[in-house]
Amino acid sequence: MEFDDLSHRVIGCVIEVHRALGTGLLESAYEQCLAHELARNEIGYMRQDPQPVQHKGVQLDCGYRIDLLVEDVLILELKSETQLTGIHEAQLLTHMKLAEVKTGLLINFNVTKLKDGIKRLVL
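Model, not experiment: these values are computed from the prediction.

Conventions and cut-offs
Residues numbered from 1 in each chain as written. Predicted model: local features only at pLDDT ≥ 70, side-chain atom pairs only at ≥ 80, totals over all residues. Heavy atoms only, no water. Helix = DSSP H or I, 4+ residues; strand = E, 2+ residues; numbered from the N terminus. Expected span 1.5 Å × (residues − 1). Buried < 20%, exposed > 50% of the residue type's maximum accessible area, 1.4 Å probe, protein only. Arc of directions from axis to C-beta. Contact = heavy atoms within 4.5 Å.

1. Remarks on helix α3 (residues 86-99)
With 14 residues, α3 should reach 20 Å at 1.5 Å per residue; the first-to-last C-alpha distance of 20 Å fits that figure. Residues H88, L92, H95 and M96 constitute the buried set of α3. Buried residues along α3 cover an arc of 100° about the axis, so they all sit on one side. Projecting away from the buried face of α3 at angles above 90 degrees are the exposed residues G86, I87 and K97. The secondary structure elements touched by the buried residues of α3 are β4 (65-70), β5 (74-79), β6 (103-108) and β7 (118-122).

2. Regarding unusual backbone geometry
In this model, D72 sits at a positive phi of 65°, which is unusual for a non-glycine residue. Inspection of the secondary structure puts D72 in the loop between β4 and β5. With relative accessibility at 57%, the residue D72 sits in the exposed group. In this model, E100 sits at a positive phi of 55°, which is unusual for a non-glycine residue. Here E100 shows up in the loop between α3 and β6.

Here it is, written out as structure tokens:
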């Protein structure tokens, strides 16, 4: 599957969840509902995928978890914030570097128009 097709399908799932739930829920609720929507659309994913940090040849579990890793090529970082900041982008970039995944979507469900809440990052 090409990335553009995958990205399009994932964003369709995100829109469906946002349309059904609206704004104001916890990030964890959106994550669980989006995981269900991805599964319904036969899109492979892993939830809360742990990402160890390499330090001097040792892998250390420092608590980094990817919200959703889709088809091993796309990271979804989900938020439910009044406004996204640079720290949210930095968090997604950190996940992308640790997982060696080149593309990520930062998705904020706490917006009226979902197009205003999606940002694509590429390493």
